Amino acid sequence: MAAFQQHLRSGAGDIDLLAVFARADEFRLIPVRAEERVELQRLLERVPVPVRGDTDDGPMPKVAALLQAHVARLALPGFALAADAVYVTQSAARLFRALFELSRARGWARAARCALGWCKQVERRMWLAMSPLRQFGPDCPADLLRSVERKPLPWTRYLDLTEPELGELVGSPKAGRVLHRLVHLVPRLDVRAHVQPLTRSLLRFELRLTPDFVWNDAVHGSAEVFWVTIEDADGERLLHAEPLVIKRAYATAEHLLEFTCALTEPLPPQYFVAIDSDRWVGSDTRLAVSFRHLQLPDRALPPTELLDMQPLPVSELRDPEFEALYRGKLSEFNAVQT
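This one's a predicted model, so the numbers in the text were calculated from it and none came from an experiment.

Rules and cut-offs
Residues numbered from 1 in each chain as written. Predicted model: local features only at pLDDT ≥ 70, side-chain atom pairs only at ≥ 80, totals over all residues. Heavy atoms only, no water. Helix = DSSP H or I, 4+ residues; strand = E, 2+ residues; numbered from the N terminus. Rg over C-alpha atoms; globule rule 2.2 N^0.38 Å. Buried < 20%, exposed > 50% of the residue type's maximum accessible area, 1.4 Å probe, protein only. Contact = heavy atoms within 4.5 Å. Areas by Shrake-Rupley, 256 points an atom, 1.4 Å probe, with all protein chains shown as cover. Pairing = 2+ DSSP bridges. Axes fitted to C-alpha atoms, helices over the stretch in contact; angles between N-to-C directions. Salt bridge = Lys/Arg side-chain N within 4 Å of Asp/Glu carboxyl O. pLDDT = per-residue confidence, 0-100. Core = buried A, V, L, I, M, F, W, Y, C linked by side-chain atoms within 4.5 Å.

A. View of the overall build of the protein. Looking only at helices and strands, the protein features 12 helices and 7 strands. The C-alpha radius of gyration computed for the protein amounts to 30 Å, which surpasses the reference 20 Å derived for 338 residues by more than 25%, pointing to a less compact arrangement than a globule. Taken across its 338 residues, the protein has 41% of its residues classed as buried. A separation threshold of at least 6 residues defines the contact pool for the protein, and within that pool the share at least 24 residues apart is 60%. For the protein, the exposed surface amounts to about 18800 Å²; the carbon and sulfur share of it is 52%.

Structure (structure tokens):
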């Protein structure tokens, strides 16, 4: 954790997070053997995320390369490299979870988003750029998966297509039915947002979240966890973050979240509501909340006008006990007391 706190930065991307991950104390004793340097260099050239340093800079480049080989399901030559890869991947999910929690606690939106993405990539052994259908493993036919990944259609468009339209897209009505079923198994939330300024520096959010997927106990278990976050206009700062647990019994119900977050000056053009599944790829939802017509309270509230009234005598209390409290101190009330 000391290495993470020292080297983790707010604008960390994939390259930076991979470098911070490789600095973990768990990997400091992993050796770089002379006989595997050539294979490691070839591996560094094959992995998609560039790795800082080379095989002469200690175990960090090796750790980063072995992790990517695990995600990409690359075959590793030699028993020693395979054993080191198993050791690295056993701790990978836990360490990236720590990076995610650290980034979230510090309010770093980009680093937290990237760390959560790495958690999913390690656990699912797939890249975020791949089709979310890969998460279903053998339940998704290989020819259907290849057909979908060849299409330039964004994943969100599949949600809007019917079974016949999907069948026409992949060239098979039967495959269209299978694709429609799998697409709607990927957890996703529809979100509606309402904002209300309480003061010039405090904003109240009301989010109405509705599950937009078909619940299947074999796929989703008893609950699904989503992260609900509010990001600033640049998407760099986390203003609010909390988990939302959707249980099987409430899989079709609307969920209401209410919270407050800071409002900066000058007034930003918008905030972003970002919702992402804790473990599913392709489950993210992002909504821009515009402040174009937001009416803020006045900087200084107008004072209450003091009415021109005749001072009342103490006897107007009409209670001997109360009148005794003021006896000898005052005979009539001032304008405010009146």
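Text resumes after the structure shown.
B. Quick peek at the sheet that holds strand β2 (residues 202-211). The strand order across the open sheet built from 3 strands is β1-β2-β5, with neighbouring strands paired in antiparallel fashion. Strands at the two margins of the open sheet, each flanked by one partner only, are β1 (189-199) and β5 (255-262). Direction aside, neighbouring strands of the sheet carry axes that sit 20° apart on average. Relative to β2, β1 runs antiparallel, the two sharing 10 bridges. In the sheet register, Thr199 faces β2, and the bridge partner there is Leu202.

C. The arrangement of the pattern of salt bridges in detail. Inspection of every chain in the model, using the stated rule, returns 25 salt bridges. Between Glu36 and Lys62 there is a salt bridge; the shortest N-O distance is 2.6 Å. Taken together, the residues Glu36 in the loop between α2 (14-22) and α3 (37-46) and Lys62 in helix α4 (residues 59-72) connect sequence positions 26 residues apart. With relative accessibility at 5%, the residue Glu36 sits in the buried group. Judged by relative accessible area, Lys62 falls into the buried class, the value being 2%. Notably, a salt bridge pairs Arg279 with Glu224, separated by 2.9 Å at the nearest N-O pair. Taken together, the residues span a long stretch of sequence, with Arg279 in the loop between β6 (270-277) and β7 (285-290) and Glu224 in strand β3 (residues 223-231) at a distance of 55 residues. You can call Arg279 partly exposed: its relative accessible area is 29%. When its relative accessible area of 0% is taken as the criterion, Glu224 is described as buried.

D. Broad picture of the confidence of the model for the protein. Averaged over every residue, the pLDDT of the protein is 90; the share at 70 or more is 99%. Put simply, helix α12 (residues 320-326) is where the protein has its lowest mean pLDDT, 80, and β3 is where it has its highest, 96.

E. Expanded view of the nonpolar core. One finds Phe21, Leu67, Phe96, Leu99 and Trp118 to be the most contacted residues of the largest nonpolar core, which totals 46 residues. For this core, the elements supplying multiple residues, two or more each, are α2, α3, α4, α5 (79-106) and α6 (109-124). Setting aside its immediate chain neighbours within four residues, Phe96 contacts Leu17, Leu18, Phe21, Leu67, Ala115, Trp118, Cys119 and Val122.

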